[in-house]
Amino acid sequence: MSKETTYGLKPELLSRLLSVGAGASSGSGAAGDREIGLLLHEHLMSSLPRDPTLRAPLRILVQQMAEDIEVLAGRPLAEILCNPETPVGLIQAVKEYAKRLCTAIATEPEHTVAMTIYYAAIASALAYHDEKVSRHSYKTLHLSFEALTEKPWMAAELKNVFLAAQKACREHVVSQ
């Protein structure tokens, strides 16, 4: 019997994390969708932090790739998540960055955006490197990615990453 971990997430944060990937609705109709879409676009166009103290968690996770982080710091998250040449270690660092972002945000739309970035990092590793950087099953990830691609606010570049990751998940489920 394997022991699962919640990586220290509180139950309410874990519930919110899973609700985004499982397709739970956040926001209120078109207005909520529009707000989430704008926030997602804003985050995707933002850069990784240049301040060394803010990058410290990223460095801990990918110490061996510090040079790659320096080269990619300042680039938009969309460029990092949608680039097949982004190293898996950096993708994992973005995933951890998004997870930490969830604990520091105040509104439901901002939380949804952070969780979308979190799942996008998982999808990027699967789509471009065929590596699962999550303890969720391939079936669960497939369902989460599918739900996210159906969101009206989803950025086109991330939708393509989620679709490619869905394909990778299907292939893994068939091969098991």
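Residues numbered from 1 in each chain as written. Predicted model: local features only at pLDDT ≥ 70, side-chain atom pairs only at ≥ 80, totals over all residues. Heavy atoms only, no water.

### Describing helix α7 (residues 108–129)
Helix length check: α7, at 22 residues, gives a terminal C-alpha distance of 31 Å against a target of 32 Å (1.5 Å per residue), a fit within 8%. With 17 of 22 residues buried, α7 lies mostly within the body of the structure. (Helix = DSSP H or I, 4+ residues; strand = E, 2+ residues; numbered from the N terminus. Expected span 1.5 Å × (residues − 1). Buried < 20%, exposed > 50% of the residue type's maximum accessible area, 1.4 Å probe, protein only.)

### Describing the confidence of the model for the protein chain
Mean pLDDT for the protein chain: 80, with 69% of residues reaching 70 or above. Of all the helices and strands in the protein chain, helix α1 (residues 11–21) carries the lowest mean pLDDT, 54, while helix α8 (residues 138–149) carries the highest, 96. Contacts from residues 22–27, a stretch scored under 50 in pLDDT, to residues over four places away or in other chains number ten contacts. (pLDDT = per-residue confidence, 0-100. Contact = heavy atoms within 4.5 Å.)

### Considering the pattern of salt bridges
Within this structure, the stated rule accounts for three salt bridges. Among the salt bridges present, the one from E79 reaches R75, with a minimum N-O distance of 3.5 Å. Owing to a relative accessible area of 36%, E79 belongs among the partly exposed residues under this scheme. Taking the relative accessible area as the measure of exposure, R75 reaches 31% and is therefore partly exposed. A salt bridge links E96 to K99; its shortest N-O distance comes to 3.6 Å. With a gap of three residues between them, E96 and K99 both fall in helix α6 (residues 88–104), about one helical turn apart. (Salt bridge = Lys/Arg side-chain N within 4 Å of Asp/Glu carboxyl O.)

### Description of α6
Given 3.6 residues to a turn, an α-helix orients residues that are three or four positions apart in the same direction. Helix length check: α6, at 17 residues, gives a terminal C-alpha distance of 25 Å against a target of 24 Å (1.5 Å per residue), a fit within 8%. Of all the 17 residues making up α6, twelve are buried; the element is thus mostly covered by neighbouring parts of the structure.

### Quick word on the nonpolar core
With 42 residues, the main nonpolar core has L40, I117, F145, L158 and F162 as its most contacted residues. Taken together, the elements giving at least two residues each to this core come down to α2 (29–45), α5 (77–81), α6, α7, α8 and α9 (156–175). With twelve residues, the single largest contributor to this core is α7. (Core = buried A, V, L, I, M, F, W, Y, C linked by side-chain atoms within 4.5 Å.)

### Thoughts on the packing of α7 against α8
Axis separation between α7 and α8 bottoms out at 11 Å; the angle between their running directions is 120 degrees. Compared by their axis directions, α7 and α8 come out oblique. Where α7 crosses over α8, the handedness of that crossing is left-handed. Residues T116, Y119, I122, A123 and L126 of α7 form the contact with α8, whose own contacting residues are Y138, L141, S144, F145 and L148. (Axes fitted to C-alpha atoms, helices over the stretch in contact; angles between N-to-C directions. Parallel < 35°, antiparallel > 145°, perpendicular 65-115°, else oblique. Left-handed = near helix turned anticlockwise from the far one by under 90°.)

### Here we look at the packing of aromatic side chains
Taken as a whole and judged by the stated rule, the model has two aromatic pairs. With 5.4 Å between their ring centres and 85 degrees between their planes, Y118 and Y119 make a pair best called edge-to-face. Each member of the pair, Y118 together with Y119, is buried. Their ring planes at 35 degrees and their centres at 5.6 Å tell us that F145 and F162 sit as a pair that is tilted. Of this pair, F145 sits in helix α8 while F162 sits in helix α9, placing them 17 residues apart in sequence. Neither residue differs from the other here; F145 and F162 are each classed as buried. (Phe/Tyr/Trp six-rings, centres within 6.5 Å; stacked < 30°, edge-to-face > 60°.)

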